[in-house]
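Each chain, written out:
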2 protein chains.
Amino acid sequence: MTGIAQRVAGFEGQLKDAGLRMTQQRRLILRVLAEADDHPDAKGIFTRAFALDPTLSLSTVYRTMKVLETQGAIERHAFEDGVSRYEHADQEHHDHLIDIESGEVIEFSSDAIEELQRRIAAELGYELVRHRLELYGRKKRPGVRGKKG
Amino acid sequence: MTGIAQRVAGFEGQLKDAGLRMTQQRRLILRVLAEADDHPDAKGIFTRAFALDPTLSLSTVYRTMKVLETQGAIERHAFEDGVSRYEHADQEHHDHLIDIESGEVIEFSSDAIEELQRRIAAELGYELVRHRLELYGRKKRPGVRGKKG
DNA sequence: TCCTTATTGCAAATGTTTCGCAACTGCATT
DNA sequence: AATGCAGTTGCGAAACATTTGCAATAAGGA
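Throughout what follows, the structure given in this document is the object of discussion. (Residues numbered from 1 in each chain as written. Chains lettered and ligands numbered in written order. Predicted model: local features only at pLDDT ≥ 70, side-chain atom pairs only at ≥ 80, totals over all residues. Heavy atoms only, no water.)

## Quick word on the environment of Thr55 of chain A
Residues and elements named next belong to chain A.
(1) Moving on: Turning to its location among the elements, Thr55 is positioned in the loop between α3 (42–52) and α4 (58–70).
(2) Moving on: The exposure class assigned to Thr55 is exposed, which follows from its relative accessible area of 66%.
(3) Moving on: C-alpha of Thr55 to C-alpha of Gln25: the two residues are 30 residues apart in sequence and 9.1 Å apart in space.
(4) Moving on: Looking at Thr55, its side chain comes within polar contact range of the side chain of Asp53, at 2.7 Å. (Helix = DSSP H or I, 4+ residues; strand = E, 2+ residues; numbered from the N terminus. Buried < 20%, exposed > 50% of the residue type's maximum accessible area, 1.4 Å probe, protein only. Polar contact = N/O pair within 3.5 Å; in protein donor to acceptor, adjacent residues only side chain to side chain.)

## Thoughts on the interface of chain B and chain A
(1) Moving on: If you look at the interface, chain B gives 34 residues, while chain A gives 34 residues.
(2) Moving on: Summed over both partners, the interface of chain B with chain A comes to about 3100 Å²; 64% of that surface belongs to carbon and sulfur atoms.
(3) Moving on: The interface formed by chain B and chain A includes four salt bridges.
(4) Moving on: Of the charged contacts in the structure, one is a salt bridge between Glu80 of chain A and Arg130 of chain B, with a shortest N-O distance of 2.7 Å.
(5) Moving on: Looking at the side of chain B that touches chain A, the elements that each hand over two or more residues are β3 (95–99), β4 (105–108), α5 (111–123) and β5 (126–139) of chain B.
(6) Moving on: With 14 residues, β5 of chain B is the single largest residue contributor to the side of chain B that touches chain A.
(7) Moving on: Relative to β5 of chain B, strand β5 (residues 126–139) of chain A runs antiparallel, the two being bridged by 13 bridges. For Glu127 of chain A, the partnering residue across the bridge sits in β5 of chain B and is Arg138 of chain B. (Contact = heavy atoms within 4.5 Å. Buried area = accessible area lost by both parts, 1.4 Å probe. Salt bridge = Lys/Arg side-chain N within 4 Å of Asp/Glu carboxyl O. Pairing = 2+ DSSP bridges.)

## Some thoughts on the packing of aromatic side chains
(1) Moving on: The final tally for this structure, using the stated rule, is two aromatic pairs over all chains.
(2) Moving on: Ring geometry for Phe46 of chain A versus Phe50 of chain A: centroids 5.2 Å apart, planes at 45 degrees, classification tilted. Placement of the pair is Phe46 of chain A and Phe50 of chain A together in helix α3, with a separation of four residues, close to one helical turn.
(3) Moving on: Since its relative accessible area comes to 18%, Phe46 of chain A is described here as buried.
(4) Moving on: Over the aromatic face of Tyr136 of chain B sits the side chain of Arg130 of chain A, whose NZ or CZ is 5.1 Å from the ring centroid. (Phe/Tyr/Trp six-rings, centres within 6.5 Å; stacked < 30°, edge-to-face > 60°. Lys NZ or Arg CZ within 6 Å of the ring centre and 35° of its normal.)

## So, the relation of the copies chain B and chain A
(1) Moving on: Laying chain B over chain A is done by rotating through 179 degrees and shifting 0.0 Å along the axis; what remains is an RMSD of 0.1 Å. This pairing of chains is accounted for by a two-fold axis. If distances are taken from each C-alpha of chain B to the rotation axis, the shortest is found for Leu133 of chain B, at 2.3 Å.
(2) Moving on: When the interface residues of chain B are mapped onto chain A, 100% of them again lie at the interface, so the same face is used by both copies. (Least-squares fit on C-alpha atoms with pLDDT ≥ 70 in both.)

Written out as structure tokens, the structure reads:
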């Protein structure tokens, strides 16, 4: 029910409209991205794709990510570790919570926080264009309640 | 009223307590940082400091920033452009709004947003350790009201 | 099938930050 | 004031992630 094939086909049309070509490499990278449910970096994408087609190069991954980002097909994030991580952009906006122990990335969204940000920007005389919000936290142990032990 | 000299002296004691030394270079960099009211990157700090002492090296700036960060004397941020930017940490916590046209960085703080973040993390089963919040916005023209023209 | 041109792989170049190492310098102690 | 041990520095080279020049290749419309 993931619709990977459709998604890839969708991108194909999108690329065509922009005068770009749907190459084997792009198809491959698109497939890897569609199958990913995490936030891989360029090397991670390369590794996965390379396993399916060892003629692929890392440069092409970078170039493709740039094209896809321009097309709005993916989103790029840079968390604390500094490297660019990617995710497909077919879901609604969300922010990220990063488990500082495992590195796991959890997605969340909050209308309240979006609204609050907009208001804060407005109070400073700005129109909010975009934002970056990352929460870094530690998993609470199940038995522990709010305060004290 | 800035108290740069006192601040530098304060760091001196702090360093001493950690078994570190107050060198000419550190004094210089500290002074540059204290005088900065923006968020310079390593090269920017180096440039300003180099003007006062051309024997300083960029490596030393990087090393010093690491020491100071460990000591909690400064904070490091990485905005969208990827490079590390620094600011002295003698003020209370705040987040940043970046003017996407001028690159200017405006500081702000909001208890409401802090609290909201804590609550969101808690709802996901996490204890919030730290966060990164950057707003990217465009300056509103003075005459424009809330909605429409 | 042919042609134009976008795209690729490769290696070299970037830009930022780190590191090895020998020379140097705080600074606590004589 | 002189001494000695470590912490520090400057320099160049290395480590990284990412970008780019270029000649070869391959989409995909004619």
